[in-house]
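# A closer look at the structure
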Amino acid sequence: MRSPGVLHCDTEILVPFFDVDTMNVVWHGHYVKYLEVARCALLDQIGHNYTAMLESGYAWPVIDMQLRYVRGAVFGQTINVRASLVEWENRLKVNYLITDLASGERLTRASTVQVAVEVTSREMQLASPKIFTDAVERALKC
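Residues numbered from 1 in each chain as written. Predicted model: local features only at pLDDT ≥ 70, side-chain atom pairs only at ≥ 80, totals over all residues. Heavy atoms only, no water.

The name that an unreviewed UniProt entry assigns to the chain is Acyl-CoA thioesterase, with the source organism given as Pseudomonas tritici. The Sequence similarities (unreviewed entry) comment attached to the chain in UniProt states, word for word, "Belongs to the 4-hydroxybenzoyl-CoA thioesterase family." (UniProt positions renumbered as here; feature names shortened; annotations may be inferred.)

On to the state of the cysteines, then. Under the definition given, this model contains 0 disulfides. The thiol of Cys9 is unpaired, and the distance to the nearest cysteine sulfur, on Cys40, comes to 10 Å. A relative accessible area of 11% means that Cys9 is categorised as buried. Free of any disulfide, Cys142 has its nearest cysteine sulfur in Cys9, 14 Å distant. (Disulfide = S-S within 2.5 Å. Buried < 20%, exposed > 50% of the residue type's maximum accessible area, 1.4 Å probe, protein only.)

A few words now on the pairing of strand β4 (residues 78-87). For β4, the tally of buried residues reaches 7 of 10 residues, placing the bulk of the element in the interior. Alignment of β4 against strand β5 (residues 92-100), held across 8 bridges, turns out to be antiparallel. Considered in β5, the bridge of Asn80 is made with Thr99. Hairpin geometry of β4 and β5 is characterised by an intervening segment of 4 residues between the two adjacent antiparallel strands. (Helix = DSSP H or I, 4+ residues; strand = E, 2+ residues; numbered from the N terminus. Pairing = 2+ DSSP bridges.)

Here we come to a nonpolar patch on the surface. A contiguous nonpolar surface patch, about 190 Å² in accessible area, is contributed by Val32, Val62 and Met65. Tracing the sequence through the fold places Val62 in strand β3 (residues 62-69). With a relative accessible area of 36%, Val62 lands in the partly exposed category. (Patch = residues over 30% accessible without salt bridge, like charges linked within 9 Å, V, L, I, M, F, W, Y side chains within 5 Å. Areas by Shrake-Rupley, 256 points an atom, 1.4 Å probe, with all protein chains shown as cover. Salt bridge = Lys/Arg side-chain N within 4 Å of Asp/Glu carboxyl O.)

Quick look at the environment of His30 now. Here His30 shows up in helix α1 (residues 30-46). Residue class for His30 comes out buried when judged on its relative accessible area of 19%. Along the backbone, His30 and Val15 are 15 residues apart, and their C-alpha atoms lie at a distance of 10.0 Å. For His30, the residues in contact, after removing those within four places along its chain, are Phe18 and Asp19. (Contact = heavy atoms within 4.5 Å.)

Right, let's talk about the sheet that holds strand β6 (residues 106-114) for a bit. As summarised here, the arrangement of the 5 strands in space is β1-β4-β5-β6-β3, forming an open sheet in which the pairing is antiparallel. Each end of this open sheet is capped by a strand with a single partner; those strands are β1 (7-14) and β3. With strand direction ignored, the average angle separating the axes of adjacent strands in the sheet is 15°. Note: β5 against β6, 8 bridges, orientation antiparallel. What sits directly across from Val94, in β6, is Thr112. (Axes fitted to C-alpha atoms, helices over the stretch in contact; angles between N-to-C directions.)

Once that is clear, we can look at the packing of aromatic side chains. A complete count under the given rule lists 4 aromatic pairs for this structure. Pairing Phe17 with Phe75 gives two aromatic rings, centres 5.7 Å apart and planes at 85°, and the pair type is edge-to-face. In this pair, Phe17 is assigned in the loop between β1 and α1 and Phe75 in the loop between β3 and β4, connecting sequence segments 58 residues apart. Relative accessible area serves as the criterion here: at 41%, Phe75 is assigned to the partly exposed category. Note on Tyr31 and Tyr34: the rings are 5.8 Å apart at their centroids and 75° apart in plane angle, and the pair reads as edge-to-face. Here the residue Tyr31 and the residue Tyr34 both occupy positions in helix α1, the gap between them amounting to 3 residues, near one helical turn. With respect to class, Tyr31 is no different from Tyr34; both count as buried. Every member of this aromatic cluster is reached through a ring pair, and the members are Tyr31, Tyr34 and Tyr69. (Phe/Tyr/Trp six-rings, centres within 6.5 Å; stacked < 30°, edge-to-face > 60°.)

What follows is the structure, given as structure tokens:
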């Protein structure tokens, strides 16, 4: 069973025409974009988004991503993408659940792992920077 996470953020997305293939189903590569939209909303909620990360001297590249497709989303469907924070002290791990907004039916589940890399030295950090973990701790108290 996947961890529900300590914080989560829900993002609604209306599947646009340009995301579907000739079968009217979302092309598999576009799900990565949906995860990114939800992850950005989660980081905004934490109060330490990508702009703040870069300003603090760290980039956070995705080093691992897993997706499991259950049912394809289709043009015009409104989906909910839930991003849940599950790890933050040594790396940033987010679990995702994509569901049909109307029925709640599960469409896709996924996870991403990111690590902090110091921008100037390009060295990967073995622990998340204190400025990030402090932001998460503040968000957990709200």
